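Listed below, chain by chain, are the residues.
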Amino acid sequence: MIFGRSERGKPPVEPVTLKILVAGGFGVGKTTLVGAVSEIRPLRTEEFLTEAGRPVDDTTGVERKHTTTVAMDFGRITLREDLVLYLFGTPGQERFWFMWDELSEGALGAIVLADTRRLEDCFAAVDYFERRSIPFLIGVNCFEGSARYPVGDVRRALDLDDAVPVLLCDARDRSSVKDVLVGVVQHAMDHDADRRQTVTT
């Protein structure tokens, strides 16, 4: 089927559209992840890093990074003919966090990207989604040359609830990112079902 059309004899499919946030620390790979899977040219709001920002932009571990997202990244992917995800990458630096409240409005769930070399950088995102009861999972972006840790070690280091999924991924790889997206949609649906069951019992 071609998106928006139906095959002969079949009724048109009205796709469900869902909003997913991609959050995490500075330089963790959010823009890369959105670009890896987006079927449209991603909308990016990147600016070059400047000397003025050097005191507040910690580039330790990401010295080759020369730009930063100042508002959001936006992309779209059709997972099935009846399911479309809109991806919104949040800015990673603290001075742009005021954008998060607007971006999180109406979000089904979130991916918190983590870099094990700078794990503390994703604490703020974890705390943000926990406080607002927005279901999220951790996507450990496996950078080349970085140490690989068992999922259980990452879970303990971030002090996560047992229900929060932790997945290893490569933000550059379309197939790997799709697995993470399927994971966050499933987790959000499970979270919603559990909440409804709690309300009715």
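Residues numbered from 1 in each chain as written. Predicted model: local features only at pLDDT ≥ 70, side-chain atom pairs only at ≥ 80, totals over all residues. Heavy atoms only, no water.

Participant: What should I look at first to understand the pattern of salt bridges in this one?
Facilitator: Two side chains that carry opposite charge are able to pair once their charged atoms sit near each other. Within this structure, the stated rule accounts for eleven salt bridges. Asp121 is the salt-bridge partner of Arg118, the closest N and O atoms lying 3.0 Å from each other. On the basis of relative accessible area, Asp121 is assigned to the partly exposed category, the value being 28%. With its nearest N and O atoms 2.5 Å apart, the salt bridge here joins Asp153 to Arg156. Residue Asp153 and its partner Arg156 are located together in helix α4 (residues 151-158), separated by three residues, close to a single helical turn. In the salt-bridge network here, residues are joined through shared partners; they are Glu144, Asp170 and Arg172. (Salt bridge = Lys/Arg side-chain N within 4 Å of Asp/Glu carboxyl O. Buried < 20%, exposed > 50% of the residue type's maximum accessible area, 1.4 Å probe, protein only. Helix = DSSP H or I, 4+ residues; strand = E, 2+ residues; numbered from the N terminus.)

Participant: Sorry, what's going on with the environment of Arg76 here?
Facilitator: Within the fold, Arg76 resides in strand β3 (residues 67-80). In this structure Arg76 comes out as partly exposed when scored by relative accessible area, which is 24%. Distance from Arg76 to Arg41, taken between C-alpha atoms, is 8.8 Å for residues 35 residues apart in sequence. Not counting residues within four places of it along the chain, the set of residues in contact with Arg76 comprises Val37, Ser38, Glu39, Ile40, Val84, Leu85 and Tyr86. (Contact = heavy atoms within 4.5 Å.)

Participant: Explanation requested: the nonpolar core in the structure shown.
Facilitator: Side chains of a nonpolar character, in soluble globular proteins, are inclined to be buried together. Among the nonpolar cores identified, the biggest contains 27 residues, and Leu21, Val112, Phe129, Phe136, Ile138, Leu158 and Leu160 are the most heavily contacted of them. Once residues lying within four places of it in the same chain are set aside, the contact partners of Val112 are Ala23, Cys122, Ala125, Val126, Phe129, Phe136, Leu137, Ile138 and Gly139. Membership of the second largest hydrophobic core comes to 22 residues, among which are Leu83, Ala171, Leu181 and Val185. (Core = buried A, V, L, I, M, F, W, Y, C linked by side-chain atoms within 4.5 Å.)

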